[in-house]
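# Close look at the chain arrangement
So you can see what is in the structure, the chains are spelled out below.
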Amino acid sequence: MQQENRREVIESLPLIPLRDMVVFPSTLVPFIIGRESSIKALEKASSKGNLVFLSAQMDASIDTPQPCDIYSMGIIAKIIRVVKIDNKNIKVIVEGKKRYRIIEFLSIHPFHQVLAKEVKEIPAEGEKTKEILGMTLALFEDYLKLRKHASFNSIIPSLKENSPGRISDIIASHLYLSLDEKQNILETTNQIERLQRMNYILEGEILKIHSSLKMGGKTSGKNKYSYKQSGIKVFPPGIKVKKQEKNNEIEDIRKKIAKAKMPKDAEEKANKELERLEVMPPMSAEATVGRNYLDWITSLPWNKKSREKRELKIAERILNEDHYGLEKVKERILEYLSIRQLVKNPKGVVLGFIGPPGVGKSSLGSSIARATGRKFIRISLGGVRDEAEIRGHRRTYIGAYPGRIIQMIKKAGTKNPVFLLDEVDKMSVDFRGDPASALMEVLDPEQNSTFLDHYIDTEFDLSQVIFIVTANVMHTIPRPLFDRMEVIRLPGYTEEEKLQIGKRFLLPKQMKAHGLKEKNLNLSNKSLQKLIRAYTREAGVRNLEREITSICRKVVKKVVTKGKSYKESISPRNLENFLGIPRFRRTEIDKKEEIGVAVGMAWTEFGGELLTFEVTKIHGKGNFTLTGQLGDVMQESAQAAFSYVRGKMFELNVVRDLHKNFDIHIHVPEAATPKEGPSAGITLATAIISLLMNIPVNKNVAMSGELTLKGKVLSVGGIKEKLLAAHREGIREVIFPLENMCDLRDIPKNIKAVMKINFVETMDQVLKIVLSKEIPEKIKDDFEREETQEPSIAN
């Protein structure tokens, strides 16, 4: 370790000579360069690690300094930002790192390249150091107060958290000293000596300020002691800052603050920041931070609102123009507009749209905004894992900005927009925080009137915003966040609804997008129906729109080739010429009754689906096998169904040596797709009993229900989606638990009219409906007689 500590750190770096200024370690400093050699040195540094050597030249009047004109002691600095001012001058912001001394000049043309080694400092420790440090900090605080320094509130706390060496460097960078004095401080490597030197300088500077105040009065003394008096030239010759321009900027910001009509607390913060900005050097990094903050806080719509449309008939017409069906959503929006006519400032609405992809959740947001006359804004939360995305960063961080909530409110320009938070179920969590927890404040009507963004640092009222949250599934949304929403489920569309959506909305939309007119393309209802059945299998209409788009492209090609008067009529027969071989076949083909095969209904984030459950019996030792990528809950449901069947073996006179001589294998096809949930219990039990009793299952009946060991059938979820899936696949009879009878109110009337829906409480009721024939009574009787004879045989 000692050998490593003694090792010298040597670097080859481009050098920029500075006029009339010294940069210290641990400080952020802006300066302007204009010499060709300095610009080339900056370009070299930017291309290799952004590190540059900075050292003051002894005489600022020399335009082309030689090695003998430059101090050998300087610092290595990191380039933070480069801004081109005009054709000749570039503004550079650097952060000082460590003291280095020049060993050798490697080249002086086209820029200075030097070999420099790190200068080790002698640390300051002990009680004496603490005593001097305390005195120095107190003197520096008095000095800043007398000078009315703009950064007073931020400089003093930051000093108390640093080492004595860094404190003396930071203090030296804020003092108006001669070049020789600052260079002397830079070359003092003993930290205690440097601290003592700063103590002595501060006492002298404070005496100077007091004497100038006594001689010329407070105001004149303040004006006299300036950058000019101290001999420091902040900018090189030829660059001037007009005081009038700065005053105009301050006045413009002051007018913006008055015009914004912000709350009292926000106005106080803005005025306080403006006072600090007024006394800052205009080119300092801190002044840029202050200007950005004032720009944000004055640009927010503190009191600007969109004028709402409250006519219910107009709103209803707009909603019907944009979307077919979705009656619940439309009714809820009309209810809100009705309340607005009776209550001046009702609480904001937080609606949660939960449903499969492609059913119109996101497009509903813009439709609601159009119906209510509000601005529409949207952010996607998929993959967001940083809390600062919602609440913003604190201003102490470099490049800090408000969170996306405030950013979008500013973009909208009003405080009452329709705000769509898309894909909320796909947010993540990591070490940077939980964005879902931050969203709870946004979506809670009791809290969002005082929403606090970390960057703005003052309360903003979100209570008049209509928030719309969309998600595909509910289980990934945190429960506390879910409780703050008024959930409206958007299940998949029926075939008739898809037909109407395709005919009224999608086809006209795509024909217009492709430049087609009504005379160019005729797509009959039967063709559209075949397209829906044979080329799409989804809950929404996204793939339907893609297929219609594909047809339009092919027709456009023919119109361009054969003339604008060309007309194409698409029938079910020639549909394959445009879309190819049908991708899906109807399940009527597979409805032949089979032993050990039953049809179940599943509910996924993409809508309802039908699943086939297959069971077979093979010679073995009583093993039970499950395949088809079944989840833990479905595997447990299968175990429960098998245990129920084994418990009923003697009652049904099923193979009594099943546990000794046979293995049972259950398989669910489409093994690449994960399957989960308890609703397959009665389907699995039916398939097993069908196999063991050698009785076929009626495959025109689909079923869904959770099964207990005692044969009771419990309720399941997604009734509407499952029923729509069965109807879509041509099945007209289903079995559901009796407890789900209340869910029928959400089913469209045209679906209920053609579907036979059986509600059951026990597994025996399921078997009576789904087995193609009843269990023979004489088998039961034979079994009962056999049971009565067994005791005599045993004796």
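Residues numbered from 1 in each chain as written. Predicted model: local features only at pLDDT ≥ 70, side-chain atom pairs only at ≥ 80, totals over all residues. Heavy atoms only, no water.

## Some remarks on the overall build of the protein chain
On a plain count of helices and strands, the protein chain comes out with 31 helices and 24 strands. Residues counted as buried form 48% of the 795 residues belonging to the protein chain. Of all intrachain contacts in the protein chain linking residues separated by at least 6 positions in sequence, the fraction that spans at least 24 positions is 75%. (Helix = DSSP H or I, 4+ residues; strand = E, 2+ residues; numbered from the N terminus. Buried < 20%, exposed > 50% of the residue type's maximum accessible area, 1.4 Å probe, protein only. Contact = heavy atoms within 4.5 Å.)

## With respect to the packing of helix H20 (residues 495-513) against helix H22 (residues 542-562)
Relative to each other, H20 and H22 sit at 45°, their axes nearing to 10 Å. Taken together, H20 and H22 sit at an angle that is classed as oblique. The way H20 lies across H22 gives a crossing that is right-handed. Two secondary-structure elements touch here, H20 through Lys 498, Gly 502, Leu 506, Leu 507, Lys 509, Gln 510 and Met 511 and H22 through Leu 544, Glu 545, Ile 548, Thr 549 and Cys 552. Classifying every residue of the contact of H20 with H22 by side-chain character gives 6 nonpolar, 3 polar and 3 charged. (Axes fitted to C-alpha atoms, helices over the stretch in contact; angles between N-to-C directions. Parallel < 35°, antiparallel > 145°, perpendicular 65-115°, else oblique. Left-handed = near helix turned anticlockwise from the far one by under 90°. Nonpolar A, V, L, I, M, F, W, Y, C, P; charged D, E, K, R; others polar.)

## Digging into the pairing of strand E4 (residues 73-84)
Two elements, strand E3 (residues 51-56) and E4, share 4 bridges in a ladder whose sense is antiparallel. Opposite Leu 54, over in E4, you have Ile 75 as the bridge partner. (Pairing = 2+ DSSP bridges.)

## Quick look at the sheet that holds strand E8 (residues 376-380)
Sheet strands pair by backbone hydrogen bonding; their relative direction is either parallel or antiparallel. A sheet is described by the order of its strands in space; here 5 strands give the open sequence E8-E9-E12-E7-E13, paired in parallel fashion. Two strands in the sheet have a free side with no partner beyond their single neighbour: E8 and strand E13 (486-489). Across the sheet, the mean angle separating the axes of adjacent strands is 20° when strand polarity is ignored. Note: E8 against strand E9 (residues 418-422), 5 bridges, orientation parallel. By the bridge assignment, Arg 378 is partnered in E9 with Leu 420.

## As for the nonpolar core
One finds Phe 419, Leu 421 and Val 424 to be the most contacted residues of the largest nonpolar core, which totals 52 residues. Ignoring any residue separated from it by four or fewer positions in sequence, one finds Val 424 in contact with Leu 381, Leu 439, Val 469, Thr 470, Ala 471, Ile 477, Leu 481 and Met 485. (Core = buried A, V, L, I, M, F, W, Y, C linked by side-chain atoms within 4.5 Å.)

## Re a nonpolar patch on the surface
Taken together, the side chains of Ile 339, Leu 342 and Val 343 define a hydrophobic patch exposed on the protein surface, amounting to about 300 Å² of accessible area. Positionally, Val 343 belongs in the loop between helix H14 (327-342) and strand E7 (350-354). (Patch = residues over 30% accessible without salt bridge, like charges linked within 9 Å, V, L, I, M, F, W, Y side chains within 5 Å. Areas by Shrake-Rupley, 256 points an atom, 1.4 Å probe, with all protein chains shown as cover. Salt bridge = Lys/Arg side-chain N within 4 Å of Asp/Glu carboxyl O.)

## Points about the packing of H20 against helix H21 (residues 525-535)
For the pair H20 and H21, the least separation of the axes is 10 Å and the interaxial angle reads 120°. With respect to their mutual orientation, H20 and H21 come out oblique. Every pair of crossing elements has a handedness; the one defined by H20 and H21 is right-handed. For the pair formed by H20 and H21, the contact residues are Glu 495, Lys 498, Leu 499, Gly 502 and Lys 503 on the first element and Asn 525, Leu 528, Gln 529, Ile 532 and Arg 533 on the second. Its residues assigned to classes, the contact of H20 with H21 comprises 3 nonpolar, 3 polar and 4 charged.

## Let's talk about the confidence of the model for the protein chain
Mean pLDDT for the protein chain: 81, with 87% of residues reaching 70 or above. Across residues 1-6, where pLDDT falls below 50, the model places 1 contact with residues more than four positions away in sequence or in other chains. In the model, residues 218-245 has pLDDT below 50 throughout and makes 32 contacts with residues more than four positions away in sequence or in other chains. (pLDDT = per-residue confidence, 0-100.)

## Considering helix H28 (residues 719-728)
Most of H28 sits out of view: 9 of its 10 residues are buried. Gly 730 occupies a position one or two residues after H28 and carries a positive phi of about 85°.

## Things to note about a negative patch on the surface
A cluster of acidic residues, Asp 265, Glu 267, Glu 268 and Glu 459, forms a negative patch at the surface. In terms of residue count, the dominant contributor to the negative patch is helix H11 (residues 264-278) (3 residues). Note on placement: Glu 459 falls in strand E11 (residues 459-460). Residue classification places Glu 459 among the partly exposed positions, given a relative accessible area of 47%. (Lys, Arg positive; Asp, Glu negative; His and termini not counted. Charge placed at Lys NZ, Arg CZ, Asp CG, Glu CD.)

## Overview of the side chain of Glu 497
Along the chain, Glu 497 falls in helix H20. For the buried Glu 497, no salt bridge exists, and the shortest N-O distance to an oppositely charged side chain is 6.0 Å, to Lys 720. Beyond its immediate chain neighbours, meaning those up to four positions away, Glu 497 contacts Tyr 324 and Gly 492.

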